[in-house]
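Architecture and fold: a report
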Amino acid sequence: MPKVLLTGGSGFIAAHVLEILLQKGYEVVTTVRSEAKASQITAKHPGAKLSVVVVPDLAAPGAFDEVAKTPGLDYVQHTASPFHFRWTDARTELLDPAINGTNSVLKAIATYAPGVKRVVVTSSFAAIISEAELSNPSKTFSEADWNPSTYEDGLRGPPPTSYRVSKKYAEKAAWDFVAEQKPGFDVATICPPLVFGPLAHHLDSLADINTSNSRFVDLIQGKWKSEIPPGGVFLWVDVRDVALAHVNAMERPEAGGQRFFTTAGYYSNREIARAVREAFPDLADKLPTEDVPGGDYPPEGTYKYDNSRATKVLGIDWIPIASSAVDTVKSLRQIPA
Ligand code: NAP
């Protein structure tokens, strides 16, 4: 069975990609930042055709050279990239790992892994989005759009802008690498908006929740009880669909050379609160009632999206928001506060 290199195997999305790959019988080599994370992943998959390699610093020159020398690699899934707002220096802690990390993976594969046919890169709606259009109900976002923010905008912030810039330039780095170096592999990029869903990775406590699921922790810990916060962006996707999109983008020949805007559609925090309230009556003292204000769509309506390419080429039957929200809360309730 083919062998896949998966970067960042300890992550929220990557853990689901790993599960699908192992279920389908792929042999997987995954990278993590520490021995502790390596042990957690190995313990979760006893007997699997899996090896875990420690790559401590994504941004270090040649970071992936050794792992790329693994004999027999056929595909790469590059998911590792910072998605949090805990950094103090945008260049060294966010932009460099995202952009140099992508270049470093691609360069290592082109140099040391001649058998690799395709690299799937986890990009983001952040690479598509235009902040000026976020309140424009007549704008339709699709794979044709590129975030117009500059690298300097990324250095200046605010933090969400810096993160979006990190994703834009990381994805551009992948397309530029293929155009300029003409390696023996092609690339497909997956561009999800906010990703919600149950956890497949190890978490010691809810305090360590990944960024995109943090709203669910706030919800079940009572932080929306008197006011539901605004949703921010209004597009989302379930992590199981994102993981399937990664694997299908790797396997389907027609996916090569394409970006995929993998969104299930709209969500509002109010819809999330309602679905969770209906499914978990025992959480009533923590959850907002229907008359609590906030969390609605903007009165003028929201921007549009076109997810038709991802739906057709990757064959995703998008999980609806209510069941994703319920599955997310079920999963979070297994984890110590
Ligand atoms: P996550 O759980 O925080 O996973 C991020 C992964 O990247 C982890 O494996 C993390 O390692 C690794 N990583 C972060 N910074 C690193 C660094 N400096 N050096 C080495 N490894 C580093 O978040 P996620 O949501 O699964 O994100 C995975 C990918 O999806 C990212 O590329 C992110 O930009 C993209 N994405 C996420 C969403 C979303 O809503 N979740 C939406 C669009 C795109 P540790 O476990 O050691 O921290």
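Residues numbered from 1 in each chain as written. Predicted model: local features only at pLDDT ≥ 70, side-chain atom pairs only at ≥ 80, totals over all residues. Heavy atoms only, no water.

A few points about the overall build of the protein
Note the threshold: Helix and strand definitions follow DSSP, with helices as H or I runs of at least four residues and strands as E runs of at least two, each counted in order from the N terminus. In this description the radius of gyration comes from C-alpha coordinates, and the expected globular size is given by 2.2 Å times residues to the power 0.38. The rule is simple: take the accessible area with a 1.4 Å probe, protein chains only, and divide by the maximum for that residue type; under 20% is buried, over 50% is exposed, in between is partly exposed. We call two residues in contact when some of their heavy atoms are within 4.5 Å. The protein chains shown are the only cover counted for residues, whose accessible areas, like all others here, come from Shrake-Rupley with a 1.4 Å probe.
When you go through the protein residue by residue, the secondary structure sums to 11 helices and 12 strands. A compact globule built from 337 residues should have a C-alpha radius of gyration of about 20 Å, and the protein, at 20 Å, falls within 12% of that. Projected onto its principal axes, the C-alpha positions of the protein cover 60 × 45 × 40 Å. Relative to its 337 residues, the protein shows a buried fraction of 55%. When contacts within the protein are restricted to residue pairs at least 6 apart in sequence, those whose partners lie at least 24 apart make up 78%. Working note: accessible area of the protein is about 14,000 Å², and carbon and sulfur atoms make up 53% of it.

Some remarks on the site of the ligand
Stated formally: By convention in this text, a residue qualifies as near a molecule or strand provided that one of its non-hydrogen atoms is within 4 Å of it. Two N or O atoms count as a polar contact when they lie within 3.5 Å, although within protein this holds only if one can serve as hydrogen donor and the other as acceptor, and sequence-adjacent residues are included solely when both atoms are side-chain atoms. Throughout this entry, Asp, Glu, Lys and Arg are counted as charged residues, while Ala, Val, Leu, Ile, Met, Phe, Trp, Tyr, Cys and Pro are counted as nonpolar. The remaining residues, Gly among them, count as polar.
Surrounding the ligand, one finds 25 residues, the nearest of these being Ser 10, Arg 33, Tyr 163, Lys 167 and Val 195. Between the ligand and Ser 10 there is a distance of 2.6 Å, counted from an oxygen atom to a side-chain nitrogen or oxygen. Of all elements in the fold, only helix 1 (12–23), helix 6 (159–181) and strand 8 (194–196) reach the threshold of two or more residues within the shell around the ligand. A per-class count over the shell around the ligand returns 12 nonpolar, 10 polar and 3 charged.

Observations concerning empty space enclosed by the protein
To keep things clear, this is the line we draw: With a 1 Å grid laid over protein atoms only, a set of points is called a cavity when a 1.4 Å probe fits there but cannot get out and a pocket when it is open yet has protein on both sides within 12 Å along at least five of seven lines; lining residues have an atom within 4 Å of a point. Grid points are joined across faces, edges and corners, and a volume is the space filled by probe spheres set on the points.
The final tally for this structure, using the stated rule, is 1 cavity of 30 Å³ or more. Estimated volume of the largest cavity: approximately 50 Å³. The wall of the largest cavity is formed by His 78, Thr 79, Ala 80, Ser 81, Ala 98, Thr 102, Val 121, Thr 122, Ser 123, Lys 167, Ala 170 and Glu 171. Elements that contribute at least two residues to the lining of the largest cavity include exactly helix 4 (90–112), strand 5 (118–122) and helix 6. Counted by class, the lining of the largest cavity contains 4 nonpolar, 6 polar and 2 charged residues.

Quick word on the pairing of strand 3 (residues 50–54)
Cut-off, in case you're wondering: Being paired, for any two strands, means DSSP has found at least two bridges between them. The definition of a right-handed crossover adopted here requires that, viewed with the strands pointing away, the path from the first strand over the helix to the second runs clockwise.
As judged from the 5 bridges shared by strand 2 (residues 27–32) and strand 3, these two strands associate in the parallel manner. Considered in strand 3, the bridge of Thr 30 is made with Val 52. Each parallel crossover has a hand, and the one from strand 2 via helix 2 (residues 35–44) to strand 3 is right-handed.

What to know about helix 4
The condition is simple: Working rule for helices: expected span equals 1.5 Å times residues minus one. We define the bend at any residue as the angle between the axes fitted to the seven residues before and including it, ending there, and the seven starting there.
Taking 1.5 Å per residue, 23 residues should reach 33 Å; helix 4 reaches 31 Å between its end C-alpha atoms and fits that length. The axis of helix 4 is deflected most strongly, by about 50 degrees, at Asp 96, and proline Pro 97 appears within four residues downstream.

Points about the nonpolar core
Taken as a class, soluble globular proteins show a tendency for nonpolar side chains to be buried jointly. Applied cut-off: We define the nonpolar core as a collection of buried residues of types Ala, Val, Leu, Ile, Met, Phe, Trp, Tyr and Cys that are connected through side-chain atoms lying within 4.5 Å of one another.
Among the nonpolar cores identified, the biggest contains 74 residues, and Phe 125, Ile 272 and Leu 314 are the most heavily contacted of them. It is helix 1 that provides the largest number of residues to this core, a total of 8 residues. The contact partners of Phe 125, leaving out residues within four places of it in the chain, are Phe 141, Cys 191, Pro 192, Pro 193, Val 233, Leu 235, Phe 261 and Tyr 303.

Quick notes on the pattern of salt bridges
Let me state the cut-off plainly: When a carboxyl oxygen of Asp or Glu is within 4 Å of a side-chain nitrogen of Lys or Arg, the pair counts as a salt bridge.
All told, the structure shown has 19 salt bridges when counted by the stated rule. Notably, a salt bridge pairs Lys 223 with Asp 218, separated by 3.7 Å at the nearest N-O pair. Residue classification places Lys 223 among the exposed residues on the basis of a relative accessible area of 54%. The exposure class of Asp 218 is partly exposed, given its relative accessible area of 26%. Across the salt bridge formed by Glu 290 and Arg 270, the nearest N and O atoms sit 3.6 Å from each other. A residue pair is termed long-range when its members are at least 10 positions apart, and Glu 290 in the loop between helix 9 (269–279) and strand 12 (304–305) and Arg 270 in helix 9 qualify at 20 residues. Take Arg 270: its relative accessible area is 11%, and that puts it in the buried class. Through salt bridges with shared partners, a single network forms among Arg 270, Arg 274, Arg 277, Glu 290 and Asp 296.

Brief notes about the packing of aromatic side chains
To keep things clear, this is the line we draw: Pairs were defined over the aromatic rings of Phe, Tyr and Trp, the Trp ring being its six-membered one, requiring ring centres within 6.5 Å. Orientation was assigned from the angle between planes: stacked under 30 degrees, edge-to-face over 60, tilted for the rest. Both a distance and an angle decide whether a charge sits over a ring: NZ of Lys or CZ of Arg must be within 6 Å of the ring centre and within 35 degrees of the ring normal.
Throughout the structure, instances matching the rule amount to 15 aromatic pairs. Ring geometry for Phe 83 and Phe 85: centres 6.2 Å apart, planes at 85 degrees, overall edge-to-face. Between Phe 83 and Tyr 163 the ring centres are 4.4 Å apart and the planes differ by 20 degrees, which places this aromatic pair in the stacked class. Here the residue Phe 83 occupies a position in the loop between strand 4 (73–78) and helix 4, and Tyr 163 occupies one in helix 6, the gap between them amounting to 80 residues. Residue class for Phe 83 comes out partly exposed when judged on its relative accessible area of 29%. The structure contains a cluster of three or more aromatic residues connected by ring pairs, namely Phe 125, Phe 141, Phe 261 and Tyr 303. Just above the ring of Tyr 112 sits the side chain of Lys 69; from NZ or CZ to the centre is 4.7 Å. Lying over the aromatic face of Trp 146, Arg 259 brings its terminal NZ or CZ to 3.6 Å of the ring centre.

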